[in-house]
Amino acid sequence: MSVTAFHELAAAFCIAAQVALPPLAPNNEGVAAFTAQLGEVEVCVSHDMLNHPEHAFVLVMFGPVPEHQQARTWQELLNANLLMLGEGAPAFSLNPLDGQVILQYVYPLAQASGEGLLAGLQTAVAAAMQWRQTFSLT
């Protein structure tokens, strides 16, 4: 059921976002994912059907932190993580492969809808675009 729910979520999201539905074949570890470009921001939604069958995982690529703003920016993002503390709360992280700031959160498939996923992502994308201008969340 959860695999079907993820495929239905992906299809509904792509219709709502007016983007093409990519292939959703799982990798060798059982994880299926799709990426989309919303404006200038890349987002990724994945589903680990073996370990977390009831949830999708959402990543929003905020972008790299300028070298001269590293300390202040990471302090602010860590403070934000503490303030957002709670079950299912989003969190900021660092992609160790390319140095990008990522906003990540869990999206329960039981309550999922393509329109709901898109609405949440549009809010996150707006925050990412603002962050790219100021490297600040405020």
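Read on for an overview of the structure. Given the structure is predicted, the values throughout are model-derived calculations rather than measurements. (Residues numbered from 1 in each chain as written. Predicted model: local features only at pLDDT ≥ 70, side-chain atom pairs only at ≥ 80, totals over all residues. Heavy atoms only, no water.)

## Points about unusual backbone geometry
We apply this condition: The numbering of helices and of strands both runs from the N terminus, where a helix is a DSSP run of H or I of at least 4 residues and a strand a run of E of at least 2.
With a phi angle near 55°, Q18 is a residue other than glycine that sits in the positive phi range. Tracing the sequence through the fold places Q18 in the loop between α1 (2-17) and β1 (31-38). Positive phi, normally seen in glycine, also occurs at F135, with a value near 55°. For F135, the location among the structural elements is in the segment after α3 (114-134).

## So, the sheet that holds β1
Heads up, the rule is: Paired strands are those between which DSSP finds at least two bridges. Between the N-to-C directions of two axes lies an angle of 0 to 180 degrees, each axis being a line fitted to C-alpha atoms and, for a helix, fitted only over the stretch in contact. Residue contacts are defined here by distance: any two heavy atoms, one from each residue, within 4.5 Å place the two residues in contact.
Judged by pairing direction, the sheet is antiparallel, and its 5 strands sit side by side in the order β1-β2-β3-β5-β4 without closing on themselves. Lying at the two open borders of the sheet, with one neighbouring strand each, are β1 and β4 (91-94). Ignoring strand direction, the axes of neighbouring strands in this sheet form an average angle of 25°. In the sheet, β4 pairs with strand β5 (residues 100-108) via 4 bridges, with the strands oriented antiparallel. Note that in β5 the partner of S93 across the bridge is I102. Strands β1, β2 (41-48), β3 (55-64) and β5 of the sheet are contacted by α1, whose axis makes an angle of about 10° with β1.

## As for the pairing of β2
Operational definition: Per-residue accessibility, obtained with a 1.4 Å probe over protein chains only, is compared with the maximum for each type, and a residue is labelled buried under 20%, exposed over 50%, and partly exposed between these values.
For β2, a buried count of 7 out of 8 residues is recorded, marking the element as mostly surrounded by other parts of the structure. Note that β1 and β2 share 8 bridges and pair antiparallel. Bridge pairing in β2 links Q37 to E42. Adjacent in sequence and paired antiparallel, β1 and β2 are bridged by 2 residues, among which G39 carries a positive phi angle near 65°. The hairpin formed by β2 and β3 contains 6 residues between the paired strands.

## Thoughts on α3
How we decide: For a helix, the expected span equals 1.5 Å multiplied by the number of residues minus one. In this description, one arc is meant: the one made by directions from the helix axis to the C-beta atoms.
Taking 1.5 Å of rise per residue, 21 residues should cover 30 Å, and α3 covers 30 Å from first to last C-alpha, within 8% of that figure. Within the span of α3, buried status applies to G114, L117, L118, L121, A124, V125, A128 and W131. For α3, the angular spread of the buried residues around the axis is 140°, confining them to a single face. Structural note: α3 exposes E115, T123 and Q133 on the side pointing more than 90 degrees away from its buried face. Against the buried residues of α3 lie α1, β1, β2, β3, α2 (70-83) and β5.

## A few points about the pattern of salt bridges
Once the charged atoms of two side chains with opposite charge are near each other, the side chains can pair. How we decide: By salt bridge we mean one thing: a side-chain nitrogen of Lys or Arg within 4 Å of a carboxyl oxygen of Asp or Glu.
What the rule picks out here adds up to 1 salt bridge. Here R72 and E76 are joined by a salt bridge, their closest N and O atoms 3.5 Å apart. Taken as a pair, R72 and E76 lie in helix α2 at a separation of 4 residues, close to a single helical turn. Assessed through its relative accessible area of 17%, E76 is described here as buried.

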